[in-house]
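Take a look at the letters that make up each chain.
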Amino acid sequence: MEEFDELRAKVNTLQEVRILLSAIIDSTQDAISVVDENGLGLLINPAYTRMTGLTANDVIGKPPTVDIAEGESMHMQVLKTRLPVKGVLMKVGPKRKEVIVNVAPIIVSGQLRGSVGVLHDISEIHKLSEELESAKRLIRHLEAKYTFRDIIGESEAIMAAIEQARRAAVTPATVLLRGESGTGKELFAHAIHRSSERQKGQFIRVNCSALAEGLLESELFGYVEGAFTGAKRGGKAGLFEEANGGTIFLDEIGEISLNLQAKLLRVLQEREIVKVGDNRALNIDVRVITATNANLEAELRAGRFREDLYYRLNVIPVIIPPLRQRCEDIPLLIQHLIGSFNQDYGRCVERISNEALQILMGYHWPGNVRELENIIGRAIINMRIGETVVELHHLPILANPNANPELAFVNPQQPSLTREDEGFEGLYKQWERSILLATLQKNGGNKTKSAQDLKMSIRNFYYKLKRHALV
């Protein structure tokens, strides 16, 4: 009797599990088709019926080809190979519904017991892709919003770059913006477009390093219907075509492949494009601005960049200086950033303290203006509501992971031994000042802790701070 009760409990449990699994399969929005080891239909769910128009009577116990309008049975392929398949395009049901199919084998205790397929309506995927494309196009087509007035700085280095860019803007020539990451190359591209005769045309930005080669080619030049699997009906216009009459900004131009370089060279030479999958040329009228932080000359020597394209791009080079070469602009940039973050964060910060400013003035800024923006933003977030001055302890730790932390604030542009008015004494003072600043910053401005770290008395520490005008 006890064995009977145990068996009955197990049967009830199995029945509950079966009911639960059936409820899960029936409630999912994905169309599911299951066949046995012989390929005969075993199970479908309501989503499958809604998608294909086929009922259980049409499928259960029937061969796996019964629902296929165009294509081969992926169930049979999986049963033969015991390997899953993904992303197969097919047409199913009497209405020839376009779907993408994923099929996987069902293996129980090492034995093949069938396969399960999940069907996705490709029309939904097309709809989502179109919505994504629409959003991407909206972002790309936002008008260039920066002008030369938005470039902050009065140093000789930045003013020379602005003057060169202004001269380039009034010509139709191709411009090559060169500078380290974070120096503001896109800002210059906006400003050049806004100051050109094409300012009322489209300004389209493309990050060449963000897309794979095949995708970048179809994005830039467009494609015709049937050019590749998944191509949209009627084809698609490329970004060069959309920018006709305006400006296209190709960022990270040094990252494109040699094959794509050849096609870009044709655009610059012939002022025409050829869509992917087509052999007809389409004339375009586009101003090209490119940017890179790569050493194109080294890439050219290594054979990774075409010489003819290099000379086509390098018609008007604009060299944007790194922040460490225009340290005198840091106070202006900080004041501008404080105003911007006040608006974004709802703060009332007025200024930065002299101690904190000295730390930032002595830093080497490998991330340039973008890093300065990050540092000031984080400092303001660290401030309490009501505080109006950015102090030393508000700043996050600044350190070059490739350098000795004690020397992280030595300015690479400081005078060297080659200068006649400098000598050992002058260089020693610079080094000592950098050590003091670095230690203070590491300890959040705590002078007692800084003096302890440097193994000197607090009196001697204060003396050195006064000597270097740090208090």
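All values derive from a computational prediction rather than experimental measurement.

As for the overall build of the protein chain
Within the protein chain one finds 18 helices and 17 strands. Across the 471 residues in the protein chain, those meeting the buried criterion constitute 41%. For the protein chain, contacts bridging at least 24 residues in sequence account for 63% of all contacts bridging at least 6. Working note: accessible area of the protein chain is about 25,900 Å², and carbon and sulfur atoms make up 52% of it.

Description of the sheet that holds strand 11 (residues 247–251)
Taken in spatial order, the five strands of this open sheet run 8-11-14-7-15, and their pairing is parallel. The open sheet is flanked by strand 8 (203–207) and strand 15 (316–319), the only strands paired with a single partner. The average angle at which neighbouring strand axes cross in this sheet is 20 degrees, direction not considered. Judged from the four bridges that link them, strand 7 (residues 175–178) and strand 14 (residues 287–292) form a sheet pairing that is parallel. Along strand 14, the bridge assignment pairs Val175 with Ile289. This element, helix 7 (residues 185–194), spans strand 7, strand 8, strand 11, strand 14 and strand 15 of the sheet and lies at about 155 degrees to strand 7.

Quick word on the pairing of strand 4 (residues 85–92)
The two faces of a sheet get side chains in turn, since along a regular strand they alternate between them. As defined by bridge partners, strand 3 (residues 68–70) adjoins strand 4 across two bridges and the pair is classed as antiparallel. From the neighbouring strand, Glu70 faces strand 4, where its bridge partner is Lys91. Examined bridge by bridge, strand 4 and strand 5 (residues 97–108) share six bridges and lie antiparallel to one another. Residue pairing in the sheet places Met90 in a bridge with Val99 of strand 5. Hairpin connection between strand 4 and strand 5: a loop of four residues separates the two successive antiparallel strands, and Gly93 in this loop has a positive phi of roughly 75 degrees.

A few points about the environment of Gly362
Relative to the helices and strands, Gly362 resides in helix 14 (residues 354–362). Gly362 sits 75 residues away from Leu437 along the chain, and the two C-alpha atoms are 8.0 Å apart.

Rules behind the numbers
Residues numbered from 1 in each chain as written. Predicted model: local features only at pLDDT ≥ 70, side-chain atom pairs only at ≥ 80, totals over all residues. Heavy atoms only, no water. Helix = DSSP H or I, 4+ residues; strand = E, 2+ residues; numbered from the N terminus. Buried < 20%, exposed > 50% of the residue type's maximum accessible area, 1.4 Å probe, protein only. Contact = heavy atoms within 4.5 Å. Areas by Shrake-Rupley, 256 points an atom, 1.4 Å probe, with all protein chains shown as cover. Pairing = 2+ DSSP bridges. Axes fitted to C-alpha atoms, helices over the stretch in contact; angles between N-to-C directions.

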